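Chain by chain, the residues:
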Amino acid sequence: VLGTVVVEPPIFTPQGDGINEQVKIGYSMLRVQEGVEVEVGVYALSGERVWHLRSQEQEAGRHLAQWDGLDDHGSLVPPGLYLVRITVATSEGDFERLQRVAVVY
């Protein structure tokens, strides 16, 4: 159901200098006959969710989300390693993929 997940660039610097300010999160959904709920989130290694896109209904195909290094409260996250998690909820169960992304200054 959930195909390849690509996080580009894998290291980014959201410090306001106009270079590498956002990370693009691309993913493909396969074998989906109708819209399913998809959630994209970024998590600290402790497991705490720092940012997420509100759950959206999406159909098969390629999709793109962007993260600017801000948490859900609008504050810049500390430098470190984070996990991008994409979760797809279907009638056959939940499917998820994880990818790393590093925030540096």
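The structure displayed is predicted, hence computed values, not measured ones.

**A look at the confidence of the model for the protein chain**
Across the protein chain, the average pLDDT comes to 93, with 100% of residues at 70 or higher. Strand 5 (residues 49–58) is the least confidently modelled element of the protein chain, averaging 92 in pLDDT, while strand 2 (residues 11–12) averages 96, the highest of any element.

**What about a negative patch on the surface?**
Together, E34, E37, E57 and E59 make up a region of like negative charge exposed at the surface. Mapping E57 onto the fold places it in strand 5.

**So, unusual backbone geometry**
Each neighbour pair has its own omega, and for E8 with P9 the value is -10 degrees, a cis peptide bond. Summarising the element assignment, P9 is placed in the loop between strand 1 (2–8) and strand 2. At N20, a residue that is not glycine, the phi angle is positive and equals roughly 50 degrees. Take N20: it is sitting in the loop between strand 2 and strand 3 (23–29). Residue class for N20 comes out partly exposed when judged on its relative accessible area of 40%.

**Some points on the layout of surface pockets**
The volume enclosed by the largest pocket comes to roughly 190 Å³. In terms of lining, the largest pocket is formed by V1, R31, V32, Q33, E34, V36, T90, S91, E92 and F95. A per-class count over the lining of the largest pocket returns four nonpolar, three polar and three charged.

**A word on the sheet that holds strand 6 (residues 61–67)**
If you walk across this open sheet you meet the three strands as 1-3-6, and the pairing is antiparallel. Edge positions in the open sheet fall to strand 1 and strand 6, since each of these has one partner strand only. Between one strand axis and the next, the sheet turns through 15 degrees on average, direction left out of account. Alignment of strand 3 against strand 6, held across seven bridges, turns out to be antiparallel. When the bridges of strand 6 are listed, K24 appears paired with Q66.

**Observations concerning the pattern of salt bridges**
According to the stated counting rule, one finds three salt bridges in the structure shown. The salt bridge partner of R49 is D72, with a shortest N-O separation of 3.7 Å. Here R49, found in strand 5, pairs with D72, found in the loop between strand 6 and strand 7 (80–90); they are 23 residues apart in sequence, far enough to count as distant. The exposure class of R49 is partly exposed, given its relative accessible area of 37%. One salt bridge connects R85 with E96, and the closest N-O pair in it is separated by 3.9 Å. Here the residue R85 occupies a position in strand 7, and E96 occupies one in strand 8 (residues 93–103), the gap between them amounting to eleven residues. Each member of the salt-bridge network shares a partner with another, and the members are E39, R49 and D72.

Definitions and cut-offs
Residues numbered from 1 in each chain as written. Predicted model: local features only at pLDDT ≥ 70, side-chain atom pairs only at ≥ 80, totals over all residues. Heavy atoms only, no water. pLDDT = per-residue confidence, 0-100. Helix = DSSP H or I, 4+ residues; strand = E, 2+ residues; numbered from the N terminus. Patch = residues over 30% accessible without salt bridge, like charges linked within 9 Å, V, L, I, M, F, W, Y side chains within 5 Å. Areas by Shrake-Rupley, 256 points an atom, 1.4 Å probe, with all protein chains shown as cover. Salt bridge = Lys/Arg side-chain N within 4 Å of Asp/Glu carboxyl O. Lys, Arg positive; Asp, Glu negative; His and termini not counted. Charge placed at Lys NZ, Arg CZ, Asp CG, Glu CD. Buried < 20%, exposed > 50% of the residue type's maximum accessible area, 1.4 Å probe, protein only. 1 Å grid on protein atoms, 1.4 Å probe; cavity = no way out; pocket = protein on both sides within 12 Å on 5 of 7 lines; lining within 4 Å. Points joined across faces, edges and corners; volume = space filled by probe spheres on them. Nonpolar A, V, L, I, M, F, W, Y, C, P; charged D, E, K, R; others polar. Pairing = 2+ DSSP bridges. Axes fitted to C-alpha atoms, helices over the stretch in contact; angles between N-to-C directions.

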